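Working through the structure, step by step
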Amino acid sequence: MSRLKNFSIITFILFLVGFIIQLGNESKLKELTQLNYTNDKNRFLNTNSKFSQVRVRDFMFYQCGDVKRIGGKKDFIANAPDELFRIDGAWYICLDSRAKPEKSKCNVLSLGVNHDMSFDEEMHSSFECRIFSFDPFVEAKKFKNLRDSDPSLKDSPILKVDDRWIFYRVGIIGQTNNTKDLSNLKIKDLISFDEILDLTKLRDKVIDVLKMDIEGPEKDVIKNLDMNYACKYIKAFVFETHVRSKFVDLVKLEKCFRLFWRHTRFREGNSRGPTGHLAGFQNSEDWALKMKNFHNELNLAEFMFTNGELYFVNINFI
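For the structure given in this document, a descriptive report is provided here. The structure presented is a predicted model; accordingly, all values stated were derived computationally and were not measured.

The rules behind the values
- Residues numbered from 1 in each chain as written.
- Predicted model: local features only at pLDDT ≥ 70, side-chain atom pairs only at ≥ 80, totals over all residues.
- Heavy atoms only, no water.
- Helix = DSSP H or I, 4+ residues; strand = E, 2+ residues; numbered from the N terminus.
- Polar contact = N/O pair within 3.5 Å; in protein donor to acceptor, adjacent residues only side chain to side chain.
- Buried < 20%, exposed > 50% of the residue type's maximum accessible area, 1.4 Å probe, protein only.
- Disulfide = S-S within 2.5 Å.
- Core = buried A, V, L, I, M, F, W, Y, C linked by side-chain atoms within 4.5 Å.
- Contact = heavy atoms within 4.5 Å.
- Salt bridge = Lys/Arg side-chain N within 4 Å of Asp/Glu carboxyl O.

**Let's talk about the side chain of Asp 88**
Here Asp 88 lies in the loop between α3 (74–79) and β4 (91–94). Only 3.4 Å separates the side chain of Asp 88 from the side chain of Arg 86, close enough to count as a polar contact.

Listed below in structure tokens is the structure:
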């Protein structure tokens, strides 16, 4: 009995020493761990506790009371079991308080359209927002038809759909060495976020939704994003990440943004269903996550937190 008691005491001491060492090893764990000790409002936390053990670090969360799915092809919408089920081409916005786009007074910057412009189209029709669509390599059918209708538009990087919608056949990159403007802009040019603000005349104007689906360069775009500017003018930032993106690349967004929705991608390839490409939890029998690609459980957890579609809302507009 005495030996058992001594063993218990020793075990507790070892646990306490290990915990203290873990706390002190901040330089190694700062990317993935945190002490959940903050004076921020409880609604922006992942837990109501003021202090919890060191754990894998997720983004700080905002519980949006009114989430709406925007976009998606009609047949995908028809096959979805509910209004929030993830479907291809759709994105989510938070309609709480001042975060909600104000009808006919909103701006949407859509970076990466590909062939599916349904999100841009619904924001244009339902909220009457001004839409600024960008894609350097692909023209959706609507844009292609517009170009083909007028020979003078053959080499134009800018297509005016109507008074509230413009398509730019250019893309975004983290930073550029050569300044681009209307005088020297060409189809397939890659320009910086600052140059996009000037090109669209959105500088110092509120962007209600910044949507970004650019197949990889998002890491460099976020790296070069001026957070003081973003916190003042961007209401919602929704984007897709890829394997190059890590938590440490994205955590700067917490200066003013909180995650309110997420769809993790568990597949390396594509898995399709009646609603388009499936997210992991929509078809759990068909996961293609290869465990050999992860060094340990923390690496796996980071992947689950950061890989896929991430939806952030600016708490300055809540």
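**Things to note about unusual backbone geometry**
In this structure, Glu 128 takes a positive phi of about 55 degrees despite not being glycine. Located in the positive-phi region is Glu 215, a residue other than glycine, with phi close to 60 degrees. Position of Glu 215 among the secondary structure elements: in the loop between β11 (209–212) and α7 (218–223). Residue Glu 215 is classed as exposed on the basis of its relative accessible area, which comes to 54%.

**Some thoughts on the state of the cysteines**
Under the counting rule described, the total for this entry stands at three disulfides. In this model Cys 64 forms its disulfide with Cys 94; the gap between the sulfur atoms is 2.2 Å. Around the S-S axis, the bridge from Cys 64 to Cys 94 shows a dihedral of about 100 degrees and counts as right-handed. Taken as a pair, Cys 64 in the loop between β2 (55–56) and β3 (67–70) and Cys 94 in strand β4 lie far apart in primary sequence, 30 residues in all. Across this residue pair, the class does not change: Cys 64 and Cys 94 are buried.

**A word on the nonpolar core**
With 38 residues, the main nonpolar core has Phe 193 and Phe 237 as its most contacted residues. The dominant element in this core, judged by the number of residues it contributes, is helix α8 (residues 227–233), at five residues. Sequence-distant contacts of Phe 193, that is, excluding residues within four places in its chain, are made with Leu 109, Ile 172, Ile 173, Ile 207, Leu 210, Leu 225, Tyr 229 and Ile 234.

**Some words on the pattern of salt bridges**
A full pass over the atoms with the stated rule returns 14 salt bridges. Its salt-bridge partner being Asp 148, residue Lys 144 comes within 3.0 Å of it at the nearest N-O pair. You can see Lys 144 and its partner Asp 148 sitting in helix α5 (residues 141–148), four residues apart, about one turn around the helix. Judged by its relative accessible area of 43%, Lys 144 falls in the partly exposed class. For the salt bridge of Asp 249 with Lys 219, the shortest nitrogen-to-oxygen distance reads 3.8 Å. With Asp 249 in helix α9 (residues 247–250) and Lys 219 in helix α7, this residue pair connects regions lying 30 residues apart in the sequence. Overall, the relative accessible area of 17% leaves Asp 249 in the buried class. Residue Lys 219 is classed as partly exposed on the basis of its relative accessible area, which comes to 25%. What emerges from the salt-bridge pattern is a single network uniting Arg 86, Asp 88 and Glu 309.

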